[in-house]
Structure formats: C-alpha cells, structure tokens
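Coordinate analysis (summary)
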Amino acid sequence: MNDIKFELAKVNDITIILEIIKERCDWFLKNNIEQWDSWYYEDLYDDKYFLEAMKKNNLYVVKNNEEIVGLFLLKYENDEYWKDFQPAIYLDHFVTKLGYPGLGEKILDFIRNKAHEKNLKYLRLDCMRCNPKINEYYQKHGFKNKSEGNEPYEYRLWEMEL
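Now for a description of the structure that goes with this document. (Residues numbered from 1 in each chain as written. Predicted model: local features only at pLDDT ≥ 70, side-chain atom pairs only at ≥ 80, totals over all residues. Heavy atoms only, no water.)

**A closer look at the overall build of the protein**
We count it as follows: Note on conventions: DSSP H or I runs of at least 4 residues are helices, E runs of at least 2 residues are strands, and numbering of each starts at the N terminus. Computation of the radius of gyration draws on C-alpha atoms alone. For the globule rule, the value is 2.2 Å times the number of residues to the power 0.38. By the convention used here, residues are in contact when the closest approach between their heavy atoms is within 4.5 Å. For every accessible area listed, the method is Shrake-Rupley and the probe measures 1.4 Å; residues are considered covered only by the protein chains on display.
For the protein, the count of helices and strands is five helices and seven strands. In the protein, the succession of helices and strands from N to C terminus is β-α-α-α-β-β-β-α-β-α-β-β. A compact globule built from 162 residues should have a C-alpha radius of gyration of about 15 Å, and the protein, at 15 Å, falls within 12% of that. In terms of overall dimensions, the protein has a C-alpha envelope of 35 × 35 × 30 Å along the principal axes. Long-range contacts, defined here as pairs at least 24 residues apart, represent 64% of the contacts in the protein between residues at least 6 apart. When the accessible surface of the protein is split by element, carbon and sulfur atoms take 48% of a total near 9000 Å².

**What about the pattern of salt bridges?**
Using the following cut-off: In what follows, salt bridge is the name for a side-chain nitrogen of Lys or Arg lying within 4 Å of a carboxyl oxygen of Asp or Glu. Note on exposure labels: buried denotes an accessible area under 20% of the residue type's maximum, exposed denotes more than 50%, and partly exposed covers the range between, all computed with a 1.4 Å probe on protein chains only.
Evaluated as defined, the whole model comprises 16 salt bridges. Among the ionic pairs, D109 bridges to R112, the shortest N-O distance being 2.3 Å. Remark: R112 and D109 occur in helix α4 (residues 103-117); sequence separation between them is three residues, near one turn of the helix. In this structure R112 comes out as partly exposed when scored by relative accessible area, which is 22%. The shortest N-O distance in the salt bridge between R129 and E148 comes to 4.0 Å. In this pair, R129 sits in the loop between β5 (122-128) and α5 (132-140) while E148 sits in strand β6 (residues 144-149), placing the two residues 19 residues apart along the sequence. A relative accessible area of 22% places R129 in the partly exposed class.

**Topic: the pairing of β5**
As a general feature of sheets, a regular strand has side chains that alternate between the two faces. Filter applied, for reference: Any two strands with at least two DSSP bridges between them are considered paired. For the handedness criterion, the strands are oriented away from the viewer, and a crossover whose path from the first strand over the helix to the second runs clockwise is classed as right-handed.
In terms of burial, β5 is largely enclosed, as seven of its seven residues are buried. Judged from the three bridges that link them, strand β4 (residues 88-96) and β5 form a sheet pairing that is parallel. Residue Y90 lies in a different strand from β5, and its bridge partner there is R124. Handedness of the β4-α4-β5 crossover: right-handed. Pairing between β5 and strand β7 (residues 155-161): seven bridges, direction antiparallel. Across the sheet, the residue bridging to L125 is W158, located in β7.

**A closer look at the environment of D109**
The partly exposed category is assigned to D109, whose relative accessible area is 37%. Between the alpha carbons of D109 and K55 there is a distance of 24 Å; along the sequence they are 54 residues apart.

Structure, rendered in structure tokens:
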C-alpha cells in the first residue's frame, strides 16, 4: 500500500462500492462472524442509498494505486443512536477489501484529521455488540464504549475524544 488516496465517491464508483461490501458480507458469513448479513445489508443499503450519500459529499473511497480498496461514510449531523448533540463526526459503512492489513488505521487517521479540520470534539460509531473482534478493534484504536442498545439491532456505541 504505497499510494493511498482518499477521494469523494463518484457515481461511476457505485458498482465497485457494492462489490466490496458484498465481498466483506460474504467473508463475514464464511467465517461465522456476526456483522453485516448480505441478505439485509444489500437490501437496506443499495445503490440508491449510496448515490444519495454521494450527493451530500460524505461518501469516500480509498484508493491504492487507483484501485478502490475501501470506503466509508461520514455524517456530521447527530446520528440516531446518540442523544446528546455534541459536535461529532459519525462513521458508517467502514469497510475495506480483503488483503489490505493496516488500511483501517490509515482510514481512521484520515477521519481524525477531517474532524480536527472541522473543530469536532468526537469521532463516533455504532457496531454489532456480539462481534468481539470488531469491538476489540475499536477499543485498541482509542475508542471508548459509551453505551449499548437493542433496537434496531444489538449495538454498541463507541466514541473517540479528539
């Protein structure tokens, strides 16, 4: 990974975006990891959803030598799980292609810098409560577990103070 770039997603990226998500959903299923199930994830977050996110200039792709190898969505409005309305950036649809170890850390660095540029106090996200590996990952990278809930799914809220 010698030429990593972060770009706003473009309409012609949509096919690759959906392929990366499908690949990761299939990997979760194959490895018995309870995370994104392709049967609902692909229906709920289809091309129309991501095209709408592109219009708001919040969907990013990560490129390695011009190949899209990851993506993430940043939200600047209060996420449905957080009720305190603090100045925060919310991370969603954080996914990388298989075979790119360390890419997640580079993405988190980029997002932290983006949050600092906008004078935001927190980086926040939600994830599956029952997935120990993803929860360990966020804790290892400086997030603190702030809350848990059961609706619309069994989730855990993570926050990093910036």
